[in-house]
Amino acid sequence: MSIRIGIWGYGNLGRGVECALKQNPDMELAGVFTRRDPKTVQILTEGASVYSTEDVEKMKDAVDVMILCGGSATDLPVQTPKCAQMFHVVDSFDTHAKIPEHFAKVDEAAKSNGKIGIISVGWDPGMFSLNRMYANALLPNGKDYTFWGKGVSQGHSDAVRRIDGVKDAKQYTIPVDSALDAVRNGDTPELTTRQKHTRECYVVAEEGADQARIENEIKTMPNYFSDYDTTVHFISEEELKKNHSGIPHGGFVIRSGKTGWNEENTHVIEYSLKLDSNPEFTSSVLVAYARAAYRLSQEGQSGCKTVFDIAPAYLSAQSSEELRKQLL
Ligand code: NDP
């Protein structure tokens, strides 16, 4: 019997999960749940239904794992613990400072209802966190570097859009090549924020808006841009639509470490991602972890987990026996 997956919230990640399920024959879509009028939400899977989140109790026995696809700022802190009372859950919570608090809430809800919750799944947090952890465990004497990009930062794009006179905008985060090269060479430089990444903004200004003022407001914006070298390009609405409508992202997790009695040997571990679509990749990771949640539940486990707690074999559609044949 296939694993019945529910999608809670239908935005970029929700659609991405739906696409990923198409590639995982051991799973099927049990339904999409939305706060909006279900009739207004068009999904891709023929024969599947969209339900109001208010009716979720009725679907308690029809869904094995609910994949939470809401936003981290205000949706997931409420939705994940609530859903963990009824279903095994997986989410992509990425508000770094609040992960311990979120973990505690999901853990309590999941444990008291015999459910599994896996939180903060995706690429960062998620696959990047896991690869940083592996590298640290293997090379305790070393230094970590994470570079993001080239990719769209939604938060920074939103910040530019909020400036008076800006009609639309896209912001890219770009790693600095010379810093990346130094780290890949096994050097362990101390890098400032400015030395690691640059920011590039494509801005559509309102007609008659003062472009010099907008550029200055962007470049001097505290927390978002003032610590970076930022380039601002003013372009037309058509150009933004044509060349900047995707949501690419990615980056590099690198650890360089020393071994040997006198630390004479250097090793560099690198994990990199180049993603055409940030949400579609994130969703693919969520779906693999939904399989793990289901399998852990079959073993009678409950409570909240993160990517650190899940053994790799639980993610794979293949059996342990099949996987062992691929050890070499
Ligand atoms: P979206 O803004 O696309 O969707 C969030 C929610 O908004 C949906 O669940 C949906 O809920 C609602 N929504 C979506 N479209 C519409 C619409 N047209 N009108 C009204 N409401 C709508 O967010 P994303 O899917 O892009 O991202 C979700 C979260 O994923 C982010 O907040 C981020 O924190 C996290 N993330 C984590 C990553 C990681 O590596 N860990 C990577 C990428 C993202 P409903 O259907 O109920 O209305």
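Sequence order sets the numbering: in each chain, residues are counted from 1 along the sequence as written. Only residues with pLDDT of at least 70 get local features here, since the model is predicted, and only at 80 or more are side-chain atom pairs given and counted; chain-wide, interface and lining totals rely on the full set of residues. Water and hydrogen atoms play no part in the side-chain values, which are based on all heavy atoms of the structure.

**A word on unusual backbone geometry**
Selection criterion: Counting from the N terminus, the helices are the DSSP runs of H or I reaching at least four residues and the strands are the DSSP runs of E reaching at least two.
For the bond running from Asp 124 to Pro 125, omega is 5 degrees, close enough to zero to count as cis. Here Pro 125 shows up in the loop between strand E6 (116-118) and helix H4 (127-138). The omega angle of the peptide bond from Gly 149 to Lys 150 is 0 degrees, so this bond is cis rather than trans. Tracing the backbone shows Lys 150 in the loop between strand E7 (142-148) and strand E8 (151-152). Backbone geometry places Ser 120, a non-glycine residue, at a positive phi of 60 degrees. Summarising the element assignment, Ser 120 is placed in the loop between E6 and H4. Even without being glycine, Glu 263 reaches a positive phi, approximately 55 degrees. Note that Glu 263 resides in the loop between strand E12 (249-259) and strand E13 (265-275).

**A short note on the UniProt feature "domain: Meso-diaminopimelate D-dehydrogenase C-terminal" (unreviewed entry) in the chain**
Note the following rule: UniProt positions are given in the numbering used here, feature names are shortened, and annotations may be inferred rather than shown by experiment.
Per the UniProt entry, the sites bearing "domain: Meso-diaminopimelate D-dehydrogenase C-terminal" (unreviewed entry) are residues 122-277 in this numbering. Its end C-alpha atoms 13 Å apart, residues 122-277 is made of 31% helix and 36% strand.

**Quick notes on the site of the ligand**
The test is simple: Think of it this way: one heavy atom of a residue within 4 Å of a molecule or strand is enough to make that residue near it. Definition of a polar contact: a pair of N or O atoms within 3.5 Å, with one able to donate and the other able to accept a hydrogen when the atoms are protein atoms, and with sequence-neighbouring residues admitted only if both atoms are side-chain atoms. Residues are grouped as follows: nonpolar covers Ala, Val, Leu, Ile, Met, Phe, Trp, Tyr, Cys and Pro; charged covers Asp, Glu, Lys and Arg; every other residue, Gly included, is treated as polar.
Close to the ligand lie 22 residues; Leu 13, Thr 34, Arg 36, Ser 72 and Asp 94 are nearest. At 2.9 Å, a side-chain N or O of Arg 35 approaches an oxygen atom of the ligand. Between Pro 125 and the ligand, the recorded distance is 3.1 Å, taken from a backbone N or O atom to a nitrogen atom. Contributing elements (two or more residues each) for the shell around the ligand: helix H1 (12-22) and helix H10 (278-298). Considered class by class, the residues forming the shell around the ligand number six nonpolar, eleven polar and five charged.

**Examining the nonpolar core**
Selection criterion: Think of a nonpolar core as a cluster: buried Ala, Val, Leu, Ile, Met, Phe, Trp, Tyr and Cys residues, connected wherever their side-chain atoms sit within 4.5 Å. Partly exposed residues are those whose accessible area sits between 20% and 50% of the maximum for their type, while under 20% is buried and over 50% is exposed, using a 1.4 Å probe and protein chains only.
Core analysis: the largest hydrophobic core is formed by 36 residues, its most contacted members being Val 90, Ile 118 and Tyr 289. The set of elements that each furnish at least two residues to this core consists of strand E1 (3-8), H1, strand E2 (27-34), strand E4 (65-68), E6, H4 and H10. The element contributing the most residues to this core is H10, with ten residues. Core analysis: the next-biggest nonpolar cluster, separate from the first, contains 21 residues, Val 63, Ala 84, Val 89 and Ile 99 among them.

**Brief notes about the pattern of salt bridges**
A side chain of one charge can pair with a side chain of the opposite charge when the charged atoms of the two come close. How we decide: Any carboxyl oxygen of Asp or Glu that lies within 4 Å of a side-chain nitrogen of Lys or Arg is treated as forming a salt bridge with it.
Throughout the structure, instances matching the rule amount to 16 salt bridges. Asp 37 is the partner of Lys 39 in a salt bridge, and the nearest nitrogen-oxygen pair spans 3.9 Å. The exposed category is assigned to Lys 39, whose relative accessible area is 73%. Salt-bridge contacts for Asp 144 lead to Arg 255; the nearest nitrogen and oxygen are separated by 3.2 Å. Taken as a pair, Asp 144 in strand E7 and Arg 255 in strand E12 lie far apart in primary sequence, 111 residues in all. One connected set of salt bridges, linked through shared partners, spans Asp 158, Arg 161 and Asp 168.

**So, the state of the cysteines**
What counts, and what does not: In plain terms, two cysteine sulfur atoms within 2.5 Å form what is called a disulfide here.
For the structure shown, the criterion picks out zero disulfides. Here Cys 19 stays free of any disulfide, with the sulfur of Cys 69 as its closest cysteine sulfur at 11 Å. By relative accessible area, Cys 19 is classed as partly exposed at 32%. Note on Cys 83: no disulfide assigned, nearest cysteine sulfur contributed by Cys 69 at a separation of 11 Å.

**Here's the deal with the side chain of Ser 92**
Tracing the chain through its elements places Ser 92 in the loop between strand E5 (88-90) and helix H3 (99-112). In this structure Ser 92 comes out as buried when scored by relative accessible area, which is 12%.

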